Every structure is written in structure tokens, then in C-alpha cells.
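# Report on the structure
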Amino acid sequence: MFEYVIAAFFIVLIIIFVMFMLGSYQMSQLELEKQKFSEQKAEQLLKRVVSSPLVAKEDGVLDDSKLIAALGLCDDMEQFFGKNWYAVIIILDSSGKTVRCQQGEYSTDCNYWVICADNLEARISKEKASGAGEEYAYTVPVNVARKMGWVTRRGTATRAEPALIEVWTYD
Amino acid sequence: MIISFQMWKIVLGLAISGFLLMFSVNYIGGYTAQQNDVLRTKIMNTFELACYNVYNTGNSMVFDDFSKLPFDVSLSVGAEHAIKVAGLGQRVLKVPVLFSIGDKMVFSRAEYDTGWWKFRYVVAMPETEIVLAPGNSPYASETVKGIVKALPDTTNFKNKVTYAVCNGNDIESACGKKPCEAQALLEELESGKALRGGKCTADLKKNQRLVTISMSCTEGTRGVCVEPYGPASGKARLYGTGTVFSYDDYADVAALIVGYEKKDAYGVAGESMYIHKNSEMAKELSLAAKIMARRYELLAGGLSGIAQRGQMDSDAEELGCVKLFQEMAASLDGLASEPLGSSEKAGETKKRMKEMGCDYD
Amino acid sequence: MTERGQANIVMMILVLFLVFGMFIFLLALLQKPPEHPMDNMYVHSMLLSIMRSDTGYPEENCKTVADAVACAFFEPYYKCGDNVPCYDLASSIMQELVNRYRSSKKNRLYYIEASPEGRVVSWMGKAVEISLPKSNEYIKNSLQKSTAEEKIQKLFKGEPITVKVKLYMAEIEAGK
């Protein structure tokens, strides 16, 4: 008789164990799915920035004059692309030097743009403190078209430079 | 005594089994409900990513995931335009999407060219037959072309958006062959064929949406009624709302058709889509006007600087672009604060800039 | 005794089910190491960026890297800027640009090759080919690589020609 009690006890234990395992497997799948979705959204944001006519001449080719014009318009860019992101674009120069582009003046001497990174800490610290979000940063090769990259006596022409864009997002 | 002991064992066994069974059934019931919610969330995630993908790439696609479970999806157009899914909360899409949910859907990207900017949006709609009642408006043909171009072209896709013509009680394919899709219908209209149809009194199936084109739309007209004043402007009505919608582009009409008459907690879906489209367009045009105005000022300054430094001949043709850049910047400065205002001047300047080779398209 | 034997059998079967179930469960958890979709996007974007970049020479045959590569196969005698043969320009600039991009992903190796599609082009008795750097050719056979391919299509003496360019990217293995 005692064996039956032990057998019944173990059966119940096994059933409850399987239920808990299923439950915790479910939770881990949900977490994985959530993370995968956040990664994919971050990837789509990158693709959107790289193909948006607001900063690009064509898909994968950014326009230097549009990038300079976009500097300092972070609030508007956030309304359009969403919050909690920044982008850094850098032309891979043979000189290896980086000269940051400033708002208000068109120049082909600068080779480095930072969009929406100013005051980043202040802007996202609230969200970071309250939430358990993740940060994603993706870097992708692009071209930057310098609108007046070639200057001759008869006019100017566009010049395509190799560049990198890093888009960082917090979700 | 032995018998009572065995009875006790049986009763105890039954009690424990009953308890276990109840526990298991409750758990499985809860687990199934949770699994359904998880699946719905996954489907909505895929929907959201599909919208971004179609918006970014311009590649159309089909989407059948909504057939797996019943969905109750609506668009709230309050302070933030959010897609609400019953039981799952809400999500805000970062790209403009005109949608209505169905089992077999097709996604495509459309654009409206303002002359100086192309506003892109995604149209996500189920398999539909657009039933046209062209009426006697002189702009009927142009209006039909505009509507067809604003909706998905499903040629070579398995989920179809087709077109039919209604006259009284009869509904027949709009181009004499089945199925009449966008490409085929546009070819017929370009070749000069006129669609004949009058007031539609036929019974409509669930997947049919009526679009009447008339010289005068009244409130009780079923479906969407379009009253064109010219080739791309006029007013429209949607059955179920008393609002008169004015339109300057066919994306507005597409919004009414895609949302259509479905009633939800936020009103009539077509009206919500119309508000959403105009709000997104205003937001995008305002930002685009700001950036482009700044850009043209920068280019004007840059080009002038090159001339002043003597790097370019003073009679170089490109120096004529400085004035055009400045004109464009001035027009866009005005549009930045009134983005849905007239963009005719900006469009004209852009055209002249392109002719002179001042800027790429 | 018989009852005890039965109970033991039941227990053994239960334990077997449990072990079998755990085994299946663990097998289901065993997944392939996740592919890096971003690696694919990176290598495709890198190849496109290289091909679209300007070389510094304004002539039509040499303006972009793609132009120089097409020229290298079909007009290898042409000199860019009147002194640099387009074959030399195409090879050197592709190598240079790959090196510049390499600085952003230091744990990757790259190999790039270009060849005309559907034909063999000879110059001075040898088949023309571009493949750089030779020391990395082995990564073509690596299992964990990402590949991008682009086709350059041009008209040469009225005839359409196609040059295929392939870029391979692989992780540097530990210890190499």
C-alpha cells in the first residue's frame, strides 16, 4: 500500500513539475521574442534613416547639405523618426582626421555629423531609470554625396564619398 | 473492514484525481488563453515590421497572418495616433499606414507628389473588390485613375484588389475580363475607354466597397461618394458620418476607401484614416519644409562663397542657381508653418531648378 | 509481491517517460547559433558603398569605382587622368576602401574579386582578374562567411557587358 502512495506522490510531483517547466519555457520564449522584435525595430529605424529623403539623396547615399540642415532640428526629427535615438555619420577620409560639421554653414571641409546626440543623457535618463529597456547600435556602410564636392571654373558637381553611419537606439 | 478500507482508498483516489483534473484543466485553459495572446502579439509585431519594411523598400507584399486568430483592431486618432488591439493594448506606428484588417491582405507603398516633396504612405488592405459607380461627372475618368493609383496594384500577387462597375442592380468587371486589377484598368482608361455606370442599388458582398463619383453627393449615399471639382480636388462623403471631407490629393480618398464604413470605439474607420493621413502628412511636410529651406539657404551661401573666392568664373551658368535656391528657401519657410497650404510656387521653383540642373530630383 | 512488482514497473515507466520528455525538451532548445542578419546587411552595404564611391578622377571611364572596374576589364589600356591605367586604379582603390572599412570592424577579414560575366578577358596574353588580397582567398571556403555580389552593367562599343563583383567577409578565427 505504501508503494501506491509513493507512486501517486511522484506522479503528482511530475505533473506539477511539467506544468512549471512549460510555464517558464513560455516566459523565456516571450522574452526572446520581445528582444528579437526590439532588434528588428532598431534595424528598421536604421534602414529608414538611410533611405529617408530628409537626409538621403537616394537609398544608401546621404546628402551632405541635408545632413547639415538637419543638425539642430532634433525635436522635429524625433517627431518623425521616434524618440531615443541618435545617428553619427562619418566619412572615411584618407587623412584619418575627423572634423565635426556645424549648423549654419555649408562646408566640404568637415566630415562628421552628429544628429540628435546632444543632451542625450538628459533626454533618456528618465526612461532608462524607470524602464528595463535595451540599447541597440548598428553601424552600416553608406555613401555621403558632397553636393559641391567637385569645383571647377564652370561649375560644381557631386562627389560620392565612402562613409559609415551608426544609429543608436534605446527601446 | 477490508471492504471499507478499499472503499476509502477508492474515494480518496477519486477525490485526488478530481482535484488534479480540475487543476490541470484550469491551467490548460489559462495556458491556451495566454498562448493566444502571445500569438496575437507576434502577429501584430510582424504586421508592424511589415509596414516598416514596405515603407522603407517600396516592395509590396502579401500578409495572411490575421487569418490565424480573430482580431479587433482600430485606430485611435487622439493626441497620438495609436493602433489599438482588443486585449493587447496599443502601439504607435512610426510611418503613415492606411489599413483595414482582413484574412488575406496586401501591403504596398504609395506616394503623393506635392511638387517639391513626395509624401509616402503604406496601404494595407484585405482582398477587396472596389465597385465603382462613375456617374456623369466630367472628371469621373480622372478620378478613377487617381483612386486606382493610390491603392495597391496586385498584379502577380495572390491576394487581389480588383475593380468592378455598378449600374443599378448589376455589377460587372470594370475591364471586361476577370480579375480587373489596377494595371489592366489603367491601360483601358489610358486608351480612352469611359466607364459607364449610374447609381448603384445592388447588394454588396462583404469584400466589396462602393465608390460613387457624382456631381452632388448626399449624406445617405452608401460607401464613399466623391464629388470632384477638378482633376485632383473636390469633396467626399462617407456613409455613417455626417462629415464632408475635402480632398486635394487621392491619398485622402484612398484613406476613406481603405478605412471604409467599419464602426469602432473611435468612430468610423474611414474618417479615422483620413484624419491620420492628413496629420502625418502635415507633420512630415512641416519637417521637410524646415530642412529643405535650411538646405537651400546653405547651398545658396555655399555657391556664393565659391564665386566670391574666385573658384568659379563669374559667367558660370550654375551661379543662376543661387537665386533659385533663395526663392525656394523663402517658399519653404512659409510652408514650414502651414504645411498643407498651397505648394504651387515651391513646385514651380523646383521644376525650374531641375531644368537648370541646380539640384537632383 | 506481485503488487510490489507492478508498482515498480509503473514507477520505471514513469521515470522513463520523464527522462525521455526531458531529452526531447532539451533537444528542442538546442538551436543553431543565430545567424547575424546585420552582417549580411553590412557586407551588402559595404560593397555598394565601395562601388558608388568616386575615385577622384572625373572622366566617365574612371569616375566611380564601378566605372574603373568595368574599364579595367574592357579598356585596360585606358589611362585615368592620362597617367594611371584603369586596372591599377581599380585594384588600388578597391583595396584602399576595403582597408578603410576594415578599421570599423576589426575582427573581420575581407576578400574581394571581380570578373566579367560569361566571358574571359585577356590582356597582354594573360586573363584579367581582380582578387584582393590573395592572402585572404581562403575565406571563400569558410562556412561562417557573409557574401555580397553586385553586377556592373555597361555598354562597351554598343555591346552590353556585365562585370560581377563579389565581396566576402568572415570573422577572424581565434589564434589566427
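In this text, all values refer to a predicted model and were calculated from it rather than measured experimentally.

Bringing the overall build of chain C into the picture now. The helix and strand tally for chain C stands at 4 helices and 8 strands. When the elements of chain C are put in sequence order from the N terminus, they spell out α-α-α-β-β-α-β-β-β-β-β-β. Taken over C-alpha atoms, the radius of gyration comes to 27 Å for chain C, far larger than the 16 Å a tight globule of 176 residues would show. Seen through its principal axes, chain C has C-alpha atoms that stretch 105 × 35 × 25 Å. Counting all 176 residues of chain C, 30% fall into the buried class. By sequence separation, contacts in chain C at least 24 residues apart represent 57% of the contacts at least 6 residues apart.

What follows deals with the overall build of chain B. Helix and strand counts for chain B come out as 7 helices and 16 strands. On C-alpha atoms alone, chain B measures out to a radius of gyration of 28 Å, which is more than a quarter above the 21 Å that the 2.2 N^0.38 rule sets for 361 residues. Overall, the C-alpha framework of chain B stretches about 120 × 60 × 40 Å when taken along its three principal axes. For chain B, the proportion of contacts with a sequence separation of at least 24, taken over those separated by at least 6, is 62%.

When the 2 pairs of chains in contact are compared, the highest contact count belongs to chains A and B. Spatially, chain B is disjoint from chain C: no contact exists, and the shortest C-alpha separation is 14 Å.

A word on the interface of chain B and chain A. Each partner contributes residues to the interface: chain B has 32 residues there, and chain A has 34 residues. When residues of the side of chain B that touches chain A are traced back to their parent elements, those giving at least two are α1 (2-57) and α5 (269-308) of chain B. In terms of residue count, the dominant contributor to the side of chain B that touches chain A is α5 of chain B (13 residues). For the side of chain B that touches chain A, a count of residues per class yields 14 nonpolar, 7 polar and 11 charged.

In terms of domains, chain B is made up of domain 1 (127-261) and domain 2 (282-356). Centre-to-centre, using C-alpha coordinates, domain 1 of chain B lies 38 Å away from domain 2 of chain B.

This part is about the confidence of the model for chain B. Across chain B, the average pLDDT comes to 90, with 99% of residues at 70 or higher. Ranking the helices and strands of chain B by mean pLDDT puts helix α4 (residues 250-259) of chain B first, with 96, and strand β2 (residues 73-77) of chain B last, with 84.

Let us look at the sheet that holds strand β6 (residues 130-132) of chain C. All names here are of chain C. Ordered by their spatial adjacency, 4 strands build an open sheet running β6-β3-β8-β7, and the pairing between neighbours is antiparallel. Edge positions in the sheet fall to β6 and β7 (145-156), since each of these pairs with one other strand and no more. Each adjacent strand pair in this sheet contributes to an overall mean axis angle of 10°, direction not counted. Direction of pairing for β7 relative to strand β8 (residues 159-171): antiparallel, over a ladder of 12 bridges. What sits directly across from Thr-147, in β8, is Tyr-168. Most of the contacts of helix α2 (residues 37-52) go to β7, to which it runs at about 30°, and overall it touches β7 and β8.

With that settled, the discussion passes to the packing of helix α2 (residues 140-150) of chain B against helix α3 (residues 182-190) of chain B. All names here are of chain B. At a minimum axis distance of 10 Å, the contact between α2 and α3 shows a crossing angle of 155°. Accordingly, the angle class assigned to the pair α2 and α3 is roughly antiparallel. Handedness of the α2/α3 crossing: left-handed. Here α2 contributes Ser-141, Val-144, Lys-145 and Val-148 to the contact with α3, which in turn contributes Ala-182, Leu-185, Leu-186 and Leu-189.

This part covers the packing of helix α3 (residues 65-74) of chain C against helix α4 (residues 86-102) of chain C. Residue and element names in this part refer to chain C. Where α3 meets α4, the closest approach of the two axes is 8 Å, and the angle between their N-to-C directions is 135°. Between α3 and α4, the angle falls in the class oblique. The handedness of the crossing between α3 and α4 is left-handed. Here Val-65, Ala-68, Val-69, Cys-71 and Ala-72 of α3 come into contact with α4, specifically with Cys-86, Tyr-87, Leu-89, Ala-90, Ile-93 and Met-94. Here the contact of α3 with α4 is composed, by residue class, of 11 nonpolar, no polar and no charged.

Partitioning chain C into structural domains gives domain 1 (1-31) and domain 2 (40-171). Its C-alpha centre places domain 1 of chain C at a distance of 61 Å from the equivalent point of domain 2 of chain C.

Now for the environment of Leu-155 of chain C. Inspection of the secondary structure assignment puts Leu-155 of chain C in strand β7. As a C-alpha pair, Leu-155 of chain C and Pro-116 of chain C span 39 residues in sequence and 13 Å in three-dimensional space.

Interfaces are often sized by the amount of accessible area the parts lose when they come together. Contacts between chain A and chain C engage 22 residues on the former and 23 residues on the latter. Going through the elements one at a time, α1 (2-51), β5 (135-152) and β6 (155-170) of chain A are the ones with two or more residues in the side of chain A that touches chain C. Tallied by class, residues from the side of chain A that touches chain C come to 15 nonpolar, 3 polar and 4 charged.

Turning next to unusual backbone geometry. Trans is the common state for peptide bonds, and a negative phi is the common state for residues other than glycine. In this model, Leu-132 of chain C is joined to Pro-133 of chain C through a cis peptide bond whose omega is -20°. Mapping Pro-133 of chain C onto the fold places it in the loop between β6 and β7. In this model, Asn-156 of chain B sits at a positive phi of 75°, which is unusual for a non-glycine residue. Turning to its location among the elements, Asn-156 of chain B is positioned in the loop between α2 and β9 (161-167).

Residue and element names in this part refer to chain B. Along the chain, Val-106 turns up in strand β6 (residues 105-113). According to the C-beta neighbour criterion, Val-106 is buried, with 26 such atoms within 10 Å. As for Val-106 and Met-125, which are separated by 19 residues in sequence, their C-alpha atoms are 5.7 Å apart. Excluding anything up to four places from it in sequence, Val-106 contacts Ser-60, Val-62, Met-125, Pro-152, Thr-154, Phe-157, Asn-159 and Val-161.

What counts as what
- Residues numbered from 1 in each chain as written.
- Chains lettered and ligands numbered in written order.
- Predicted model: local features only at pLDDT ≥ 70, side-chain atom pairs only at ≥ 80, totals over all residues.
- Helix = DSSP H or I, 4+ residues; strand = E, 2+ residues; numbered from the N terminus.
- Rg over C-alpha atoms; globule rule 2.2 N^0.38 Å.
- Buried ≥ 20, exposed ≤ 12 C-beta atoms within 10 Å, placed from the backbone.
- Contact = placed C-beta atoms within 7 Å.
- Nonpolar A, V, L, I, M, F, W, Y, C, P; charged D, E, K, R; others polar.
- Domains from an automatic or database assignment.
- pLDDT = per-residue confidence, 0-100.
- Pairing = 2+ DSSP bridges.
- Axes fitted to C-alpha atoms, helices over the stretch in contact; angles between N-to-C directions.
- Parallel < 35°, antiparallel > 145°, perpendicular 65-115°, else oblique.
- Left-handed = near helix turned anticlockwise from the far one by under 90°.

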